[in-house]
Amino acid sequence: MIEPIEILLIEDNPGDVRLTQEVFSEFKMHNNLHIVNDGVEALKLLYRDEQYIDVPLPDLILLDLNLPKKDGREVLEEIKADKNLKHIPVVVLTTSKAEQDIFKAYDLHANCYITKPVELDQFIAVIKSIKDFWFTIVKLPKGDEID
């Protein structure tokens with residue numbers, strides 16, 4: 001039996017969450033999509049606080065930058081500074097096209113930066129390309145701790 005791919009979506013827009021869920025469901029890939037809608041909850045999940053104690057670490061993180069409570073840039077910085085989390089690929093998936101956001105994300109070691117398209121069919125194509133690249137072409141690290 002194939003282990004499911006664990007995906008963490010950190011997104012505060014309910015429409016984008018719903019659409020991402022639908023697209024991943026449509027692909028019928030063996031995955032668990034965990035969703036949190038702010039940076040504080042994202043870090044609680046990643047550090048397995050409280051209700052997240054049994055949630056496995058994600059194999060891939062899809063991160064919006066403009067989040068409530070704790071900004072996506074701060075979340076990215078914490079992830080990449082933690083020896084137990086820094087190996088997890090982080091795809092920044094945001095509406096921002098600002099050059100300073102792009103540079104900052106890569107300075108913080110984002111694995112890629114994607115601007116969310118406004119059009120529905122383009123958004124679906126972006127999610128499909130993420131799936132194709134990260135789950136078909138790339139070999140992801142498995143395991144909760146890398147020493």
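What counts as what
- Residues numbered from 1 in each chain as written.
- Predicted model: local features only at pLDDT ≥ 70, side-chain atom pairs only at ≥ 80, totals over all residues.
- Heavy atoms only, no water.
- Buried < 20%, exposed > 50% of the residue type's maximum accessible area, 1.4 Å probe, protein only.
- Helix = DSSP H or I, 4+ residues; strand = E, 2+ residues; numbered from the N terminus.
- Pairing = 2+ DSSP bridges.
- Core = buried A, V, L, I, M, F, W, Y, C linked by side-chain atoms within 4.5 Å.
- Contact = heavy atoms within 4.5 Å.

## Concerning the pairing of strand β1 (residues 5-10)
Argument step 1. For β1, a buried count of six out of six residues is recorded, marking the element as mostly surrounded by other parts of the structure.
Argument step 2. Of the two faces of β1, the one carrying Ile5, Ile7 and Leu9 and the one carrying Glu6, Leu8 and Ile10 are both buried.
Argument step 3. Sheet topology places β1 next to strand β2 (residues 31-36); six bridges connect them, and they run parallel. By the bridge assignment, Ile5 is partnered in β2 with Asn31.
Argument step 4. By the bridge criterion, four bridges tie β1 to strand β3 (residues 60-63) in an arrangement that is parallel. Note that in β3 the partner of Ile10 across the bridge is Leu63.

## A short note on the nonpolar core
What tends to happen in soluble globular proteins is that the nonpolar side chains get buried as a cluster.
Argument step 1. If you look at the biggest cluster of nonpolar residues, it comprises 25 residues, and the most contacted ones within it are Ile10, Leu46, Ile61, Leu63 and Leu76.
Argument step 2. Looking at this core, the elements that each hand over two or more residues are β1, α2 (39-46), β3, α3 (72-81) and β4 (90-94).
Argument step 3. Looking at this core element by element, the count peaks at four residues for α2.
Argument step 4. Once residues within four sequence positions are removed from consideration, Leu46 is found in contact with Leu8, Leu57, Pro58, Ile61, Ile79, Leu85 and Ile88.
Argument step 5. Membership of the second largest hydrophobic core comes to 19 residues, among which are Leu62, Leu93, Val126 and Trp134.

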